[in-house]
Amino acid sequence: MFVGEIIGKFNENKTNLIMEDTMKKTNLIYSVLLVLTILVFLSCEKKTTEPDNTPPTVTITQPANGETLTEPVTIKVDAADNESVKKVEFIIDGDKVGEDTNEPYEYGWNVYYWADGQEHTILAKAHDSSGNIGQSSVVQVTVFLFVNSFTKTFGGSDSDRGSSVSQTDDGGYIIAGDTYSYDVGWGDVWLIKTDGLGNEEWNNTFGGNNEDSGSSVSQTDDGGYIIIGGKCDPDILDDIPDVWLIKTDGLGNEEWNKTFGGSDSDCGFSGTQTDDGGYIITGYTESYGAGNNDVWL
């Protein structure tokens, strides 16, 4: 009886130990599964991104506030954003005048339209890819139109005359007329090119043994020039001219020339290049008119 009780208690304890061990293992498995479940949930949880509400920073670095402008200026802007700057707008006196989408952010401002001696405002706005807009501080400038005044004379010991002048694409001037100081024969066409201050850069003469004159000059699309005037036959010493069209390159070197006219006096006074690349000339004719001098186109 005593032995049986001992064996029974041993078996009971053994069973309890097995059950306890099984429960521990089960709890461990549950704990591991719970941890894995939480990790999977966290990895699958949809991440939310906060919207970008930060506008770009914008600073006008040129011109300076309070500056006086007398010539065209490049407006320069520094712009930065936590994402990216999409574009920078340039605003003069409240009106948008241009924009730039690439660094460096710049705008070439031709101030002549605003040259009234008054203050004008410059503002820059930067847009980022999220639609935020940053704005610079207002820069105030005063704009004056500064005109360089000068007088120049060109000529020699004999009679020289300028008949036409126009400004060239580089800001200089081109002059056409005739010269008796530097002519080959008895008066030649004279073409003079100057810089923006009237200083001579080069000059060329065109003509023969008889009297030739230049009445008009204009710059052509290729950077050269056309001269309109009158040309007398170099082999006949008379005063009966024809309309003369001379084409030069940008340095005044003759490329070709043409004459137009009849048996009487004809002369060109003005001409310009047309949209189709040709030329239009006006002057007078005694050869083809109704009598005496008639307008000739």
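Refer to the structure above for everything that follows.
If you're wondering where the values come from, they're calculated on a predicted model, not measured in any experiment. (Residues numbered from 1 in each chain as written. Predicted model: local features only at pLDDT ≥ 70, side-chain atom pairs only at ≥ 80, totals over all residues. Heavy atoms only, no water.)

Colleague: What am I meant to see in the pattern of salt bridges here?
Modeller: Opposite charge on two side chains permits them to pair, given that their charged atoms come into close proximity. Overall, the coordinates contain nine salt bridges when judged by the stated rule. Between Lys193 and Asp170 there is a salt bridge, with its nearest N and O atoms 3.2 Å apart. Within this pair, whereas Lys193 is found in strand S12 (residues 188-194), its partner Asp170 is found in the loop between strand S10 (160-167) and strand S11 (173-179), the two being separated by 23 residues in sequence. A relative accessible area of 3% places Lys193 in the buried class. Linking Glu201 and Lys193 is a salt bridge whose minimum nitrogen-to-oxygen distance equals 2.9 Å. Linked by salt bridges that have partners in common, Lys87, Glu89, Lys96 and Glu99 make up one network. (Salt bridge = Lys/Arg side-chain N within 4 Å of Asp/Glu carboxyl O. Helix = DSSP H or I, 4+ residues; strand = E, 2+ residues; numbered from the N terminus. Buried < 20%, exposed > 50% of the residue type's maximum accessible area, 1.4 Å probe, protein only.)

Colleague: Is there a simple way to think about the environment of Leu123 in this case?
Modeller: Note on placement: Leu123 falls in strand S7 (residues 119-128). According to the relative accessible area criterion, Leu123 is buried, its value standing at 14%. For Leu123 and Ser137, which are 14 residues apart along the polypeptide, the C-alpha to C-alpha distance reads 6.8 Å. Other than its neighbours up to four places away in sequence, Leu123 contacts Ile60, Glu89, Phe90, Ile91, Gln135, Ser136, Ser137 and Val138. (Contact = heavy atoms within 4.5 Å.)

Colleague: For this particular structure, what's the right way to read the sheet that holds S12?
Modeller: Strand pairing in a sheet takes place through backbone hydrogen bonds and is either antiparallel or parallel in direction. A sheet is described by the order of its strands in space; here four strands give the open sequence S10-S11-S12-S13, paired in antiparallel fashion. At either margin of the open sheet sits one strand with a lone partner, and together these are S10 and strand S13 (200-206). On average, each strand axis in the sheet is tilted by 20° relative to the strand beside it, whichever way the strands run. (Pairing = 2+ DSSP bridges. Axes fitted to C-alpha atoms, helices over the stretch in contact; angles between N-to-C directions.)

Colleague: Help me understand the sheet that holds strand S6 (residues 105-109) in this model?
Modeller: The three strands lie next to each other as S1-S3-S6, forming an open sheet whose pairing is antiparallel. Whereas interior strands pair on both sides, the edge strands pair on one side only; in this sheet they are strand S1 (57-62) and S6. Going from strand to strand, the sheet's axes swing by 25° on average, the running direction of each strand aside. With five bridges connecting them, S1 and strand S3 (residues 73-80) associate as antiparallel partners. Its bridge partner being in S3, Val58 is matched across the sheet by Ala79.

Colleague: Help me understand the packing of aromatic side chains in this model?
Modeller: Given two aromatic rings, their pairing is described by the distance between the two centres and the angle made by the two planes. Scanning the entire structure with this criterion turns up six aromatic pairs. Their ring planes at 65° and their centres at 6.0 Å tell us that Trp256 and Tyr279 sit as a pair that is edge-to-face. Residue Trp256 is found in strand S17 (residues 254-260), and its partner Tyr279 is found in strand S19 (residues 279-285); the two are separated by 23 residues along the sequence. With a relative accessible area of 30%, Trp256 lands in the partly exposed category. What makes Tyr279 partly exposed here is its relative accessible area of 25%. (Phe/Tyr/Trp six-rings, centres within 6.5 Å; stacked < 30°, edge-to-face > 60°.)

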